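Examination of the molecular architecture
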Amino acid sequence: GESVGLHLPTLSVQEGDNSIINCAYSNSASDYFIWYKQESGKGPQFIIDIRSNMDKRQGQRVTVLLNKTVKHLSLQIAATQPGDSAVYFCAERPSGGYNKLIFGAGTRLAVHP
Amino acid sequence: GAGVSQSPRYKVAKRGQDVALRCDPISGHVSLFWYQQALGQGPEFLTYFQNEAQLDKSGLPSDRFFAERPEGSVSTLKIQRTQQEDSAVYLCASSYGTRSGETQYFGPGTRLLVL
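Another point: the environment of A:Ser12. Residue and element names in this part refer to chain A. Relative to the elements of secondary structure, Ser 12 occurs in strand β2 (residues 10-14). Overall, Ser 12 belongs to the partly exposed group, its relative accessible area being 49%. C-alpha separation for the pair Ser 12 and Val 111, spaced 99 residues apart in sequence, amounts to 5.9 Å. Not counting residues up to four positions away in its chain, the partners in contact with Ser 12 are Ala 110 and His 112.

In this section: the pairing of strand β9 (residues 86-94) of chain A. Residues and elements named next belong to chain A. Across the nine residues that make up β9, a large majority, nine, are buried. Where strand β4 (residues 30-38) meets β9, eight bridges bridge the pair, whose relative direction is antiparallel. Looking across to β9, one finds that Ile 34 is bridged to Ala 91. Relative to strand β11 (residues 107-112), β9 is paired through three bridges, and the arrangement is antiparallel. Its bridge partner being in β11, Val 87 is matched across the sheet by Arg 108. Of the pairings in the sheet, the one linking β9 to strand β10 (residues 102-103) comprises two bridges and is antiparallel in character.

Let us now look at the environment of A:Ser85. Residue and element names in this part refer to chain A. In this structure, Ser 85 sits in the loop between β8 (72-77) and β9. For Ser 85, a relative accessible area of 28% gives the class partly exposed. Contact partners of Ser 85, with chain neighbours within four places excluded, come to Lys 37, Glu 39, Leu 109, Ala 110 and Val 111. Side-chain polar atoms of Ser 85 contact the backbone nitrogen of Val 111, separated by 3.1 Å.

Our next topic: unusual backbone geometry. Going from B:Ser7 to B:Pro8, the amide bond is cis rather than trans, its omega being -10 degrees. For B:Pro8, the position within the fold is in the loop between β1 (5-7) and β2 (10-13). For A:Ala79, which is not glycine, the phi torsion reads 50 degrees and is therefore positive. Structurally, the position occupied by A:Ala79 is in the loop between β8 and β9. The phi torsion at B:Asn51 lies on the positive side, around 55 degrees, for a residue other than glycine. Its location among the elements puts B:Asn51 in the loop between β5 (44-50) and β6 (53-56).

Parameters at a glance
- Residues numbered from 1 in each chain as written.
- Chains lettered and ligands numbered in written order.
- Predicted model: local features only at pLDDT ≥ 70, side-chain atom pairs only at ≥ 80, totals over all residues.
- Heavy atoms only, no water.
- Helix = DSSP H or I, 4+ residues; strand = E, 2+ residues; numbered from the N terminus.
- Buried < 20%, exposed > 50% of the residue type's maximum accessible area, 1.4 Å probe, protein only.
- Contact = heavy atoms within 4.5 Å.
- Pairing = 2+ DSSP bridges.
- Polar contact = N/O pair within 3.5 Å; in protein donor to acceptor, adjacent residues only side chain to side chain.

This is how it looks when you write it as structure tokens:
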């Protein structure tokens, strides 16, 4: 069935290092992908998105890479800060629907000083 | 408002009770979504509204779940005869329009615990 999964459930990094969070998706018809950050007790917060006709998109300290050949999505965070500690979800939007999102299980990012 | 708000933030119900969860989307947002998030899991789609019309309810787990948005703004998710497996965080999200790629903005969620 359709699913979005993650390779690593927990990622620990040192403050100042770069972080890479990976995600595999299974629906080749999905046309839009998003990364959300969720802190404890809060709802998911939009970080960055990318459409299926792009390979890379950059934001402030974040970059999303999309490899459609292997159906892989990654989020790169530069100079990781303690405030980046949270659970990160990738989500995909299957084309032809009403914009409902399919989320993966999440990766917890722990930033150590 | 400044963002999506939900109430109550926490709800404890005895098994068999009915509950109603409220969502106030961002003013002017046409699209409204409900998701269910089990502990340690990603959110799962429940239902979608475009204005007052419920266009997709494919994610509702049973007929005990009912959602409405009668005036195209505030939405209520009702769960009848709650069961322990209904315990989860219920998230509401809204987006401005209906086009693909519209950013969905999430509320803080309502954490439901069924005893």
